[in-house]
Amino acid sequence: MLTIITAVIIGALMGAFVYGFDYLIHGKNIAILLTNFIFGALGSYSGTYLVNYGPHVFGVDILPTLAGGIVLSFVMTYAIRRFILRKEVA
């Protein structure tokens, strides 16, 4: 259970990191903030259990957790901006 909680917390932090980067470029959007938290947590959780590589902290593989959280929240941010909000993404 501690593994799941740790992965979700790390993923939410990675989602917040991606949102902060998006905020600097495009400005504030609450829908993107919520999806970054959710999909960052899902990406880090799936990265933890799909790839076993790197150092462990509380039963969580750190590198796949960070990569999964960043990549999935970035992909969702791009998809929302491009296809739902119909904004041109640089």
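Parameters at a glance
Residues numbered from 1 in each chain as written. Predicted model: local features only at pLDDT ≥ 70, side-chain atom pairs only at ≥ 80, totals over all residues. Heavy atoms only, no water. Axes fitted to C-alpha atoms, helices over the stretch in contact; angles between N-to-C directions. Helix = DSSP H or I, 4+ residues; strand = E, 2+ residues; numbered from the N terminus. Left-handed = near helix turned anticlockwise from the far one by under 90°. Contact = heavy atoms within 4.5 Å. Nonpolar A, V, L, I, M, F, W, Y, C, P; charged D, E, K, R; others polar. Phe/Tyr/Trp six-rings, centres within 6.5 Å; stacked < 30°, edge-to-face > 60°. Buried < 20%, exposed > 50% of the residue type's maximum accessible area, 1.4 Å probe, protein only.

Q: Give me the packing of helix H2 (residues 30-50) against helix H3 (residues 62-84): which residues, what numbers.
A: For the pair H2 and H3, interaxial distance at closest approach is 7 Å and the crossing angle is 145°. Of the two elements, H2 crosses H3, and the hand of that crossing is right-handed. Contacts between H2 and H3 involve Ile-32, Thr-35, Asn-36, Phe-39, Gly-40, Leu-42, Gly-43, Ser-44, Gly-47 and Thr-48 from the former and Pro-64, Thr-65, Gly-68, Gly-69, Leu-72, Ser-73, Met-76, Thr-77, Ile-80 and Arg-81 from the latter. Classifying every residue of the contact of H2 with H3 by side-chain character gives seven nonpolar, 12 polar and one charged.

Q: Quick one: what's the story with the packing of aromatic side chains, residue by residue and with numbers?
A: Applying the stated rule across the entire model yields two aromatic pairs. Measuring from centroid to centroid gives 6.2 Å for Tyr-19 and Tyr-23, while their planes differ by 35°, and the two rings are tilted. Here Tyr-19 pairs with Tyr-23, and both are found in helix H1 (residues 2-26), just four residues apart, close to one helical turn. Overall, the relative accessible area of 10% leaves Tyr-19 in the buried class.

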